[in-house]
Amino acid sequence: MTPATIGYQAPDPVLVVDDEVHIRESLERGLTLLGFEVRTAADGVEAIHVFRSHPPAAIVLDLQMPNLDGLQVIRAIRALGSDVPICILSAKTGLAERVEGLEVGADDYLVKPFVLEELTARLHAMLRRTRGQQVVHPPTFTIGPLQISDSSRRVTIAGKEIALTRREYDLLHTLALHHGQTVSREQLLELVWGYSFPTQSNVVGVFISHLRRKLESGDRDRLIHTIHGVGYVLRSDLD
């Protein structure tokens, strides 16, 4: 090893997928200048091909594309067993559209038009979370009818298994670690998403909303409570 290579860290490979050529080329230039190794794809089919041949550390993904759309790309990547962090880029601002993307396995989203610095900060946050060291937690949490198995990442309510995405599980697990305590939006952004910077993103609220629908469907009691102006708390009246 030469002195020049000591401490050298290879650029993080990022796959940018967007059918709009000016966005694709602009992101390629900008992210490359900021130290990433960038590969691009113009549609979903090409994205899957590039993903298989050159596995990235993170993916920036448009939703509306020909051949395979962004949601189909996410499903295909998750079906391959990959946990690669995925940040959606979308011109859609409605809650339903964003929830759909997160439900199939995306980790974050950014609404177009966006600022490159914001996207870069989110990429670094996702990569920090991916490289984060494992912390030993209690093997099982029991909160009223809710049971969380940390070893298997399995969640059940009254014995019925609840299917969660990776990020939904991470959010629920973080709330369980602070069971009975109010956790602020800013704390959740840092603990679950790795954000160490101010952001106007309402990704926490979107994930909380979708997580509630899964945990509290039917006649189940509320488990995740909103403390207005403060944050969220996981608790059960059966504790």
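Relevant structure appears above.
Remember, predicted model here, so these are calculated numbers, not experimental data.

## Examining the sheet that holds strand β5 (residues 108–111)
Sheet strands line up and pair through hydrogen bonds in the backbone, either parallel or antiparallel. Ordered in space as β2-β1-β3-β4-β5, the 5 strands form an open sheet in which the pairing is parallel. A strand with exactly one partner marks an edge of an open sheet, and here the two such strands are β2 (37–41) and β5. With strand direction ignored, the average angle separating the axes of adjacent strands in the sheet is 20°. Pairing between strand β3 (residues 58–62) and strand β4 (residues 86–90): 4 bridges, direction parallel. Within the sheet, the bridge partner assigned to leucine 61 lies in β4 and is isoleucine 88. Lying on the sheet, helix α3 (residues 70–79) is in contact with β3 and β4; it crosses β3 at an angle near 150°. Together, β3, β4 and β5 form the strand contacts of helix α5 (residues 116–131), whose direction differs from that of β5 by roughly 180°.

## Examining the pattern of salt bridges
What the rule picks out here adds up to 14 salt bridges. The salt bridge partner of arginine 78 is aspartate 107, with a shortest N-O separation of 3.1 Å. Of this pair, arginine 78 sits in helix α3 while aspartate 107 sits in the loop between α4 (95–103) and β5, placing them 29 residues apart in sequence. The same class applies to arginine 78 as to aspartate 107, namely buried. For the salt bridge of glutamate 168 with lysine 214, the shortest nitrogen-to-oxygen distance reads 2.9 Å.

## Observations concerning helix α8 (residues 203–215)
Under the 1.5 Å per step criterion, the end-to-end length of α8 is 18 Å for 13 residues, consistent within 8% with the ideal 18 Å. All buried positions along α8 are accounted for by Val203, Val204, Val206, Phe207, Ile208, His210, Leu211, Arg212 and Leu215.

## Focus on the sheet that holds strand β8 (residues 154–157)
Strand order in the open sheet formed by 4 strands is β6-β7-β8-β9, with antiparallel pairing between adjacent strands. Both edges of this open sheet fall to β6 (140–143) and β9 (160–161), since each of them pairs with a single strand only. Looking at chain direction, β6 and strand β7 (residues 146–149) are connected through 4 bridges and run antiparallel. In the strand pairing of β7, threonine 140 is matched with serine 149. Against the sheet, helix α6 (residues 166–177) makes contact with β6, β7 and β8, and its axis sits at roughly 110° relative to β7, the strand it touches most.

## Considering the packing of α5 against helix α7 (residues 185–193)
Contact geometry of α5 with α7 gives a least axis separation of 8 Å together with a crossing angle of 60°. Classified by the angle their axes make, α5 and α7 are oblique. When α5 is examined against α7, the residues Ala125, Met126 and Arg129 are found in contact with a partner set consisting of Leu191, Val192 and Trp193. Class assignment for the residues of the contact of α5 with α7 results in 5 nonpolar, no polar and 1 charged.

## Section: the pairing of β7
Where β6 hands over to β7, the hairpin turn is made up of 2 residues, of which glycine 144 adopts a positive phi near 60°. Across 4 bridges, the pairing between β7 and β8 is antiparallel. Its bridge partner being in β8, leucine 146 is matched across the sheet by isoleucine 157. Turn length for the β7-β8 hairpin, with the two strands adjacent in sequence and antiparallel, is 4 residues, and the turn residue arginine 153 shows positive phi of about 55°.

## Points about the side chain of lysine 112
By the element assignment, lysine 112 lies in the loop between β5 and α5. Relative accessible area serves as the criterion here: at 15%, lysine 112 is assigned to the buried category. At a separation of 3.0 Å, a polar atom in the side chain of lysine 112 contacts the side chain of aspartate 18. If we skip the residues at most four places from it in the chain, lysine 112 touches Asp18, Glu20, Ile23, Asp62, Leu89, Ser90 and Ala91.

## Considering the packing of α6 against α8
At a minimum axis separation of 10 Å, α6 and α8 run at an interaxial angle of 85°. Taken as axis vectors, α6 and α8 run roughly perpendicular relative to one another. Seen from α6, the contacting residues are Arg167, Glu168, Leu171, Leu172 and Leu175; seen from α8, they are Phe207, Ile208, His210, Leu211, Lys214 and Leu215. Broken down by class, the residue content of the contact of α6 with α8 amounts to 7 nonpolar, 1 polar and 3 charged.

About the criteria used
Residues numbered from 1 in each chain as written. Predicted model: local features only at pLDDT ≥ 70, side-chain atom pairs only at ≥ 80, totals over all residues. Heavy atoms only, no water. Pairing = 2+ DSSP bridges. Helix = DSSP H or I, 4+ residues; strand = E, 2+ residues; numbered from the N terminus. Axes fitted to C-alpha atoms, helices over the stretch in contact; angles between N-to-C directions. Contact = heavy atoms within 4.5 Å. Salt bridge = Lys/Arg side-chain N within 4 Å of Asp/Glu carboxyl O. Buried < 20%, exposed > 50% of the residue type's maximum accessible area, 1.4 Å probe, protein only. Expected span 1.5 Å × (residues − 1). Parallel < 35°, antiparallel > 145°, perpendicular 65-115°, else oblique. Nonpolar A, V, L, I, M, F, W, Y, C, P; charged D, E, K, R; others polar. Polar contact = N/O pair within 3.5 Å; in protein donor to acceptor, adjacent residues only side chain to side chain.

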